[in-house]
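Reading the structure
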Amino acid sequence: MLPDFSDKKLIYTSCYCEENIYHLCKELDDIKNKIDIYVCFISNENLTVPLWKQRASKYSDGMIIWDYHVILIVKEKDSEQKINVYDLDTTLPFPCDFSTYTQESFKVLNIPQYYRKFRIIPAETFLRVFASDRSHMIKEDGTWSSPPPTYPPIFTSDSVNNLQTFINMIENLDSNDFVCLV
């Protein structure tokens, strides 16, 4: 059975989806032998990806243009039917079944600058290599574009900031990662 987290308060900071998903991956670590867990970065070369049903939207349909967004995809092992999306920024149910999420969140805009690309990373890899010093959230005047989380930035022994390598949809990180156009 896929986790629903209905009884748990999750770590969440608005506009820090990559860190929210990082902490959600850590929550799932104890059941990783029963499920397949993937982190999904959504972006494009223009940093203009439309998503619907997003809480940060000012519109009734929940449409917003993100520079990038990060969600978690969880699948029961040995099942092609039970796949959920975990998006802490959606107005859709949490979690949401994959089919509903993709139909409601990824409306078709036949405008090339808005084509979405996806980088799919096994959660285990993401937890091991992801790092962000949050510098992408600091404006030219030195203020935060959105208040940072209260916990320290996420670092690894190899990196203090590699967020852009995940968002960059032109280059592959390695042979296990892929980018596809939708």
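Once a new chain begins, its residue numbering starts again from 1 and follows that chain's sequence as written. The predicted nature of this model means local features are confined to residues of pLDDT at least 70 and side-chain atom pairs, given and counted, to a pLDDT of 80 or more, with totals for whole chains, interfaces and linings taken over all residues. Hydrogens and water molecules were not included; the side-chain quantities draw on all heavy atoms of the structure.

1. Some words on the overall build of the protein
- A tally of regular secondary structure across the protein gives 4 helices and 8 strands.
- For helices the rule is a DSSP run of H or I covering at least 4 residues; for strands it is a run of E covering at least 2, with both sets numbered from the N terminus onward. Along its sequence from the N terminus, the protein presents helices and strands in the succession α-β-β-β-β-β-β-α-β-α-α-β.
- The globule rule used for comparison is 2.2 Å times the number of residues to the exponent 0.38, while the radius of gyration itself is calculated over C-alpha atoms. Its C-alpha atoms give the protein a radius of gyration of 16 Å, near enough to 16 Å, the size a compact globule of 182 residues would have.
- Its C-alpha atoms give the protein principal-axis dimensions of about 50 × 40 × 35 Å.
- We call two residues in contact whenever any of their non-hydrogen atoms come within 4.5 Å of each other. Of the contacts formed within the protein by residues at least 6 apart in sequence, a portion of 68% connects residues at least 24 apart.
- Split by element, the accessible area of the protein, about 10100 Å² in all, is 52% carbon and sulfur.
- The positive count covers Lys and Arg only, the negative count covers Asp and Glu only, and His and the chain ends enter neither. Positions of charges follow a simple convention, taking NZ of Lys, CZ of Arg, CG of Asp or CD of Glu. Of note, the protein has its 18 positive side-chain charges centred 3 Å away from the centre of its 26 negative side-chain charges. Methods summary: accessible areas were calculated by the Shrake-Rupley approach with a probe of 1.4 Å, and residue burial reflects only the protein chains presented.

2. Thoughts on the pairing of strand 1 (residues 35-43)
- Of all 9 residues making up strand 1, 8 are buried, and the element is well covered by its neighbours.
- For two strands to pair, DSSP has to find at least two bridges joining them. Judged from the 8 bridges that link them, strand 1 and strand 4 (residues 69-76) form a sheet pairing that is antiparallel. Looking at the pairing, Ile-35 lines up with Glu-76 of strand 4.
- Relative to strand 7 (residues 117-122), strand 1 runs antiparallel, the two being bridged by 6 bridges. Opposite Ile-42, over in strand 7, you have Phe-118 as the bridge partner. Each residue is placed in one exposure class: buried if its accessible area under a 1.4 Å probe, protein chains only, is under 20% of its type's maximum, exposed if it is over 50%, and partly exposed if it falls in between.

3. Examining the pattern of salt bridges
- Note on definitions: salt bridges are taken to be side-chain nitrogens of Lys or Arg within 4 Å of carboxyl oxygens of Asp or Glu. Counted under the stated rule, the structure contains 8 salt bridges.
- Glu-19 is paired through a salt bridge with Arg-134; the nearest N and O atoms lie 2.8 Å apart. On the criterion of sequence distance, the pair formed by Glu-19 in helix 1 (residues 17-27) and Arg-134 in the loop between helix 3 (123-129) and helix 4 (163-167) is long-range, its members being 115 residues apart. Across the pair, exposure class does not vary: Glu-19 and Arg-134 are buried alike.

4. Concerning the state of the cysteines
- Only a pair of cysteine sulfur atoms within 2.5 Å qualifies as a disulfide here. Scanning the model with the defined rule gives 0 disulfides in all.
- In this model Cys-17 remains outside any disulfide bridge; the closest cysteine sulfur is found in Cys-15, 8.3 Å from its own.
- A residue is classified by how much of its surface remains accessible, and Cys-17, at 7% relative accessible area, is buried.

5. Notes on the pairing of strand 4
- Counting buried positions over the 8 residues of strand 4 gives 8, a clear majority of the element.
- When strand 4 meets strand 5 (residues 83-86), the two strands line up antiparallel, connected through 4 bridges. Within strand 5, the position partnered with Leu-72 by the bridge is Tyr-86.
- Between strand 4 and the antiparallel strand that follows it, strand 5, lie 6 residues; Asp-78 among them carries a positive phi value of about 60°.

6. Considering the nonpolar core
- Grouping buried Ala, Val, Leu, Ile, Met, Phe, Trp, Tyr and Cys residues that are joined through side-chain atoms within 4.5 Å yields what is termed a nonpolar core. Counting residues in each nonpolar core, the largest one holds 28 residues, and the members touching the most others are Ile-21, Leu-24, Val-39, Phe-41, Leu-72, Val-74 and Phe-126.
- Looking at this core, the elements with two or more residues in it are helix 1, strand 1, strand 4, helix 3 and helix 4.
- Residue contacts for Leu-24: discarding those within four places in its chain leaves Phe-5, Leu-10, Leu-72, Tyr-86, Leu-88 and Phe-94.

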